[in-house]
Every structure is written in structure tokens, then in C-alpha cells.
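Each chain is listed here by its residues.
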Amino acid sequence: MLSARIRLDREFVRSTIDDRLFGSFIEHLGRAVYGGIYEPGHPTADRDGFRGDVLGLVRELAVPLVRYPGGNYVSAFNWEDSVGPVPDRPRRLDLAWRSVEPNTVGLDEFARWARKAGSEVMVALNLGTRGIDAARNLVEYCNHPGGSRWSDLRRTHGTAEPHGFKVWCLGNEMDGPWQVGHKTADEYGRLAWEVAKALKLFDPTLQLVACGSSHSRMPTFPDWEATVLDHCYESVDFISLHSYFKNHEDDLPTFLGESVEMDRFIRTVIGTVDFVKARKRSRRTVNLSFDEWNVWFHSENADKSVAPWTVGPPLLEDIYTFEDALVVGCCLITLLRHAERVRIACLAQLVNVIAPIMTATGGPAWRQTIFYPFLHASAFGRGEVLETLVKSPVYENRKHGEVPYLEAIATLNRAAGELVIFAVNRSPAEPLVLEGTIAGFAGLSVHEHLVLSHADRKAANTREHPDAVVPGRLDVTRLEGEALTTRLPPLSWNVIRLRTGDRG
């Protein structure tokens, strides 16, 4: 049997948590919009055509921010196509995903959906085929009260009040040769600086995200970040990170260690950002927006057989397994560990497209396996991250080196009077005895121990069996004074909730 230790102290706070760490992403891709959030005629659809069952699940996840409308899609997106009377909107060919975009759901409609979901919108700008004018006009359309060309146009479209979108992405994956309008680091950095300057002249409180590398294996990483920020450091607030995790070789030890690579990626970007800060002798700190991350590989072969040039084709519809949920859980712990600098993160995506929520056209919506660790982290991982000292046995891995069997982090929500330990046992065969020392709390008590585990690591939730993998509760956590003991089952995601006995 494995054993590990953690040490926590109420006074040793690592960082506050920006609620936007639990953001997500909806792109005009596949069935994310058409057949996902939007399906007129569905039994649960509201008068705007939005599926009520999907909205209910999104509210359950309490997603504070949703990135929109892309993704690769945005790099050839003409925003003017997506506003105004729906019958007058053009149908366009989306080159990124080789689909037809009818523009039935546009910016104003998505803003209404987001309000119903309780989410803010993080808008991505097209810096592939367009530039400064299109960006400043869109911001004026969305955010100015009235009395100008573009804000008055919005008002004629039936939206009297401005949307007030605060977070704007300056393009998407502009380092990628697959991107329409791909640019070199100097070309993009210069454009990002000029667009940021224009947007900040409109509203200096806007928060702007510059494009970082599309992933850490790009040949230009991390020189891309250094060059881009050399141009625009003083005008942007975030730089983006994207990562998708795969298991083509069915190598469980390597797959479970992918969050180790995620951790290295984050540390390298922080180092690069702070190098530019030092070189510029700047007083500003640029933070990180990890605005695309998830497991993504299951649907790659199926996508090759999808016919092009249709509306809402079934693309990127990964059916997630139990082991995928463990990887997502490890990634959530990694994001929390770096919450001081990773202030925004977006699980990509939200519905149908590599998503925690799946739907059947005309039928039900259900929770995929990855829904549950994201739900738990969003519900219980608010407040502050405590300095979490972990001593764990490790296993050697050909890709990641030493990988700890225990992945863990602790959060403290003072307003709720709750201390939460998130933990993953990576061992496929052995339970892990976890011993903890928790100092500085009066009246600490165990509330509950939630666990996600399954005998079959390939088990999945489907339309026919939507509850094949669901969380349960364990009665194995004990607390005596400052000493906590518990037992984590093999291959398990664990949420240990402790009442602190006081608030504030």
C-alpha cells in the first residue's frame, strides 16, 4: 500500500483564486452551437431556441466566463455577418472547419445565452484576415451606450444596453501555420500592440489577451512569447496558453502524467513573461490565460469521414472515459497550483465538441465523465489556494520523468468556512494512505469525502448509460486535532471537504 503526506497551514496562502479559472469555451465548430446550445423545436428549448436542459447543466457547472466565437473559426470571421435581422445574414463557408455557418446565432444572441447561463463573454477578435478597424468597430458595437455609428446600429438591432464585454482575445493561435492569416511573431506582436492601443483608448479598463504559443511543442516556443511581448508588453494583460492531452498509445502511466507537462509549460511561460518584464524594467505584471485545455484525441479518426460544407456537423465529439476524467482532475489541480499567475482558464469546449456536456438532437443531454472533476473544482475550489506541501512516492516515466502518485492541492473559502483538499491517486493498483497535518484552524471537522472511481478505466457515460461513471461518497476520512488520515482508492479523483468552524 502506498502512503503520502501533506502539510497545510491557514496562514500560508499561496494565492487568491480568480473565479474565471473555471471558464469554458464555445466555438462555431461542429455541434457546439447548432445542436448544442441552440436547437429550436427541442422539447426544452426557450423562445430564443436555446436548449433548457443544456443551460441547466451549464449553470450546474457555474461557468463564470465563456470564450467565443473561436478558436480557429475566428481568424476568418466577419463579425458584421452575425448581427442584424437573421434573414438578412449571409451564409458563409468556414475554412477552419470546412463547415457552413448560417449566422443564425450571432453576437447578440450569444450574449443573451450567456446571461441566461450566468456567464461573462470573453470575445476573440479576428486578427487573421482583419485588423485594427474591425476590432475597434466591434468593441464600439458591443460596449458603447449609444450616439455613435456602431453603437446605434446595435440599438437598431434591438439591444439597447451595451453588452459591456471586458475581456478580449487579440486573435487565436497566430503562430500556427494552419491558421488563416498566420503571422510571424514580429508581424503579430506589432499588430497586437496597435489593436491593443486602439482598444485601450476606447476603454483603458478592458482586459486584453495576446496570443501565446499554440502548444509547448511548437518549434517557436518560447521565443514566440518573448518576441510578441517585446512589442506589446505594456498594453496587454494576459498571454494565452493552449494544451490538449492525448493517449494514442494507450499508455496509462504517461497519460496520467500529462499534468506534469502542463506544469512545466506554465512555469516556462511565467519565466519568459517575467524575463521580458525585467528587460523592459516594467512595473506591470502580465498574467496567463490558459484559454484552451482538455483531453482531445478520441474523435480524430471519425472526423476524417465527416462530409464538408454542412451546418453543425458532428466534429470533435470525444466520448470521455474514466481515465480521461482523472487527467482532467490532475490538470485542474495544476491550474489551482498556479492560480497566482493563471487568472483565466477555459476548458475547451463546453457542449458536444470535446466537452463535458453531450446532447442528442431532439433527445437528452448528459454529463460526460470529465463533467464531475470540473464541477467539483468549480463548486468547491473558490477563495484561496493554500501552500500545499506534498511528500509522495513517485514512478519513473519515459516522457515525464518522475511522476508523483499523489497529485494534490488545498483551497480555503473563508466566506463559506470550508477547507477543501483535491487529490488524485495515480496508482492503478494500490490505494494510497494520505496523512495530513493541518495547522491554524479551530473547530475543524470532516464534512464529506467525494470520490470518482471505477473498476473499468475505459468506462464512459453515454446516451444509453448516462450514469455509468458518477461520484460517490467515502467514509474513510478521520481528523484528530491537526492530524488527518484518509485512504484514496486506486485511480481516483477525491474531494475532501472540511468545515473550518469559523468564517472570515
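Before reading on, note that the structure itself is shown above.
These numbers come from a predicted model, not from an experiment.

Focus: the overall build of the protein chain
- Each helix and strand in the protein chain was counted, giving 11 helices and 26 strands.
- At 23 Å, the protein chain has a C-alpha radius of gyration in line with the 23 Å of a compact globule built from 504 residues.
- Considered along the principal axes of its C-alpha atoms, the protein chain spans approximately 65 × 60 × 45 Å.
- Across the 504 residues of the protein chain, 61% fall into the buried class.
- Pairs at least 24 residues apart make up 77% of the contacts formed inside the protein chain by residues separated by at least 6 positions.

Side note on a nonpolar patch on the surface
- Together, Leu-93, Leu-95 and Trp-309 line one region of the surface with nonpolar side chains, adding up to about 310 Å² of accessible area.
- For Leu-93, the position within the fold is in strand S5 (residues 92-94).
- Using a relative accessible area of 55% as the deciding quantity, one classes Leu-93 as exposed.

Some thoughts on the packing of aromatic side chains
- Summed over all chains, the structure comprises 16 aromatic pairs.
- Seen in terms of ring centroids, Tyr-34 and Tyr-38 are 6.1 Å apart; in terms of plane orientation they differ by 85°. Their pairing is edge-to-face.
- What makes Tyr-38 buried here is its relative accessible area of 16%.
- Here the aromatic rings of Phe-221 and Phe-265 are separated by 5.2 Å at their centres, their planes lie at 80°, and the arrangement is edge-to-face. Note that Phe-221 is positioned in the loop between strand S9 (207-210) and helix H6 (223-232) and Phe-265 in helix H8 (residues 258-280), a separation of 44 residues in sequence.
- Phe-221 gets classed as buried once you look at its relative accessible area, which sits at 16%.
- Following the ring pairs from residue to residue traces out a cluster consisting of Tyr-34, Tyr-38 and Phe-50.
- When the ring centre of Phe-371 is taken as reference, the NZ or CZ atom of Arg-367 above it lies at 5.6 Å.

Side note on helix H4 (residues 149-156)
- Of the positions making up H4, those classed as buried are Trp-150, Ser-151 and Arg-154. Projected down its long axis, H4 carries its buried residues within an arc of 100°, all on one side. H4 presents Arg-149 and Thr-156 as exposed residues on the side facing more than 90 degrees away from its buried surface.
- With its phi angle positive at about 100°, Gly-158 sits one or two positions after the end of H4.

What to know about the side chain of Glu-140
- Among the structural elements, Glu-140 can be located in helix H3 (residues 132-143).
- Buried within the structure, Glu-140 lacks any salt-bridge partner; Arg-136 is the closest side chain of opposite charge, at an N-O distance of 5.6 Å.
- Once residues lying within four places of it in the same chain are set aside, the contact partners of Glu-140 are Ser-148, Arg-149, Trp-150, Ser-151, Arg-154 and Phe-202.

A look at the pairing of strand S10 (residues 238-245)
- Counted residue by residue, S10 has eight buried out of eight residues, so it is predominantly covered.
- Here S9 pairs with S10 via two bridges, running parallel. Considered in S10, the bridge of Val-209 is made with Phe-238.
- Direction of pairing for S10 relative to strand S11 (residues 287-295): parallel, over a ladder of seven bridges. Within the sheet, the bridge partner assigned to Ser-243 lies in S11 and is Trp-293.

Some thoughts on the environment of Trp-293
- Mapped onto the fold, Trp-293 is located in strand S11.
- Through-space distance from the C-alpha of Trp-293 to that of Cys-331 is 8.7 Å; in sequence the pair is 38 residues apart.
- In this structure, Trp-293 is in contact with Ser-243, Tyr-244, Met-262, Val-328, Cys-331, Leu-332, Leu-335, Ala-345, Cys-346, Leu-347 and Ala-348, ignoring residues within four places of it in sequence.

A few points about the sheet that holds strand S12 (residues 342-348)
- Pairing is parallel in the closed barrel, where eight strands are placed in the order S3-S4-S7-S8-S9-S10-S11-S12. Put simply, the sheet's adjacent strands are angled 30° from each other on average, direction ignored.
- Contacting S10, S11 and S12, H8 crosses the sheet at an angle of about 160° to S10.
- Sitting on the sheet, helix H10 (residues 322-337) is in contact with S10, S11 and S12, with an inclination near 175° to S11.

Quick word on the environment of Val-123
- Mapped onto the elements, Val-123 comes out in strand S7 (residues 120-124).
- Taking the relative accessible area as the measure of exposure, Val-123 reaches 1% and is therefore buried.
- Val-123 sits 93 residues away from Ser-216 along the chain, and the two C-alpha atoms are 24 Å apart.
- For Val-123, the residues in contact, after removing those within four places along its chain, are Tyr-68, Leu-138, Phe-165, Val-167, Trp-168 and Cys-169.

Points about H3
- With 12 residues, H3 extends 16 Å from end C-alpha to end C-alpha; this agrees with the ideal 16 Å at 1.5 Å per step.
- Counted residue by residue, H3 has nine buried out of 12 residues, so it is predominantly covered.
- Buried residues along H3 sit in contact with helix H2 (107-117), S7, H4, strand S8 (167-170) and helix H5 (185-202).

Some remarks on the sheet that holds strand S24 (residues 478-480)
- If you trace the five strands from one edge of the open sheet to the other, you get S16-S1-S21-S25-S24, paired in mixed fashion. At either end of the open sheet lies a strand with only one pairing partner, and these are strand S16 (389-391) and S24. On average, each strand axis in the sheet is inclined to that of its neighbour by 15°, with strand direction left out of account.

Description of unusual backbone geometry
- Gly-70 connects to Gly-71 through a cis peptide bond whose omega is 15°.
- As for its placement among the helices and strands, Gly-71 is situated in the loop between strand S4 (65-68) and S5.
- Cis geometry is found at the peptide bond from Phe-221 to Pro-222, where omega equals -5°.
- Inspection of the secondary structure assignment puts Pro-222 in the loop between S9 and H6.

Conventions we followed
Residues numbered from 1 in each chain as written. Predicted model: local features only at pLDDT ≥ 70, side-chain atom pairs only at ≥ 80, totals over all residues. Heavy atoms only, no water. Helix = DSSP H or I, 4+ residues; strand = E, 2+ residues; numbered from the N terminus. Rg over C-alpha atoms; globule rule 2.2 N^0.38 Å. Buried < 20%, exposed > 50% of the residue type's maximum accessible area, 1.4 Å probe, protein only. Contact = heavy atoms within 4.5 Å. Patch = residues over 30% accessible without salt bridge, like charges linked within 9 Å, V, L, I, M, F, W, Y side chains within 5 Å. Areas by Shrake-Rupley, 256 points an atom, 1.4 Å probe, with all protein chains shown as cover. Salt bridge = Lys/Arg side-chain N within 4 Å of Asp/Glu carboxyl O. Phe/Tyr/Trp six-rings, centres within 6.5 Å; stacked < 30°, edge-to-face > 60°. Lys NZ or Arg CZ within 6 Å of the ring centre and 35° of its normal. Arc of directions from axis to C-beta. Lys, Arg positive; Asp, Glu negative; His and termini not counted. Pairing = 2+ DSSP bridges. Axes fitted to C-alpha atoms, helices over the stretch in contact; angles between N-to-C directions. Expected span 1.5 Å × (residues − 1).

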